[in-house]
Amino acid sequence: MSDQKPEEAQTPEEAAARSVPGPSADPDAKRRPASVAEIKALSHPLRVRILRLCGDRELTNKQLADRLGEDAGTVYYHVRQLVAAGFLEPAPVRSGGSGALEKPYRSTGRSWWLSMTLDQQDTSRNVAPVEAFQQELAEAGPASIATFARFSLHLSPEDVAELDRRIVAVIDAYVETDHERSHLPAHGGIFVVHRSAD
């Protein structure tokens, strides 16, 4: 006899955990190759941070500049790059606190579903997601860390590809059901495997 709850009695978290794909799932089946413009748009850490912030809530250019401690003109330039690449879109105009009209932006959610290899990226900027994550973690502080795993493994190129496929498949399951947990605190993370120097 199973002690498993029926589907309708499960919490969203339990349903999401049960829907996590196993090793046979192919994350690339849901992805499409990134265009040159999309690769370029994601090659700057500030754009990566803007995209993440607008994924959590709709923000104006001024709100983004204030949040990031950057000049409004610089932020607007990067926002335009993200809009042109289809990663941000204008949200409905709203009234601000002073009654002035505000033009917020929101993420389209497209960036996660792109397939992009490191050799397609500008080698001088291909660590933009890592830089953005380092900045976000430094800003949030050590107490913000919910979990981590540090490891050293001996891997063939095929092993690296399989590890990546399996980890991304698990993350995909959470991305696809994230709307069910939008009332919970947002967590950021990054999965990086690098070749050891020695």
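Okay, so let's go over this structure. Note that this is a predicted model, so its numbers are computed, not measured. (Residues numbered from 1 in each chain as written. Predicted model: local features only at pLDDT ≥ 70, side-chain atom pairs only at ≥ 80, totals over all residues. Heavy atoms only, no water.)

## Notes on the pairing of strand E6 (residues 104-107)
The condition that has to hold: Paired strands, in this sense, are two strands between which DSSP finds at least two bridges. For helices the rule is a DSSP run of H or I covering at least 4 residues; for strands it is a run of E covering at least 2, with both sets numbered from the N terminus onward.
In the sheet, strand E2 (residues 59-60) pairs with E6 via two bridges, with the strands oriented antiparallel. Residue pairing across strands places Leu59 opposite Tyr105, the latter belonging to E6. Note: strand E3 (residues 88-90) against E6, three bridges, orientation antiparallel. Bridging across to E6, Leu88 finds its partner in Ser107.

## A closer look at the side chain of Arg49
Let me state the cut-off plainly: Only protein chains enter the calculation, and the probe is 1.4 Å; a residue is then buried if its accessible area is under 20% of its type maximum, exposed if over 50%, and partly exposed in between. N or O atoms within 3.5 Å of each other form a polar contact, as long as, within protein, one can give a hydrogen and the other can take it, and as long as residues adjacent in sequence are counted only when both atoms are side-chain atoms. Pairs of residues are marked as contacts when any of their non-hydrogen atoms sit within 4.5 Å.
Secondary-structure assignment places Arg49 in helix H3 (residues 45-56). Of the residues examined, Arg49 reaches a relative accessible area of 6% and is grouped as buried. Reaching out from Arg49, the side chain makes a polar contact with the side chain of Glu139 at a distance of 3.2 Å. With near-sequence residues (within four places) excluded, Arg49 lies in contact with Arg67, Leu68, Ala132, Gln135, Glu136 and Glu139.

## Considering a nonpolar patch on the surface
Where we set the bar: Nonpolar side chains (Val, Leu, Ile, Met, Phe, Trp, Tyr) within 5 Å and like charges within 9 Å form the patches, drawn only from residues with over 30% relative accessible area and no salt bridge. For the accessible areas, the method is Shrake-Rupley and the probe is 1.4 Å, while residue cover comes only from the protein chains on display. Here a salt bridge means any side-chain nitrogen of Lys or Arg lying within 4 Å of a carboxyl oxygen belonging to Asp or Glu.
The grouping of Phe151, Leu153, Leu155, Val160 and Val193 at the surface amounts to a nonpolar patch, some 380 Å² of accessible area in total. Considering the arrangement of structural elements, one finds Phe151 in the loop between helix H6 (128-140) and helix H7 (157-176).

## What to know about the environment of Ala128
Along the chain, the position of Ala128 falls in helix H6. For the pair Ala128 and Ser43, spaced 85 residues apart in sequence, the C-alpha to C-alpha distance is 5.5 Å. Each residue touching Ala128, except ones within four places of it in the same chain, is listed here: Leu42, Ser43, His44, Pro45 and Val48.

## A few points about the environment of Glu70
Topologically, Glu70 is positioned in the loop between helix H4 (61-68) and helix H5 (72-84). Overall, the relative accessible area of 37% leaves Glu70 in the partly exposed class. Spatially, the C-alpha atoms of Glu70 and Leu46 are 9.4 Å apart, while their sequence positions differ by 24 residues. In contact with Glu70, not counting residues within four places along its chain, are Leu46, Ala65 and Val75.

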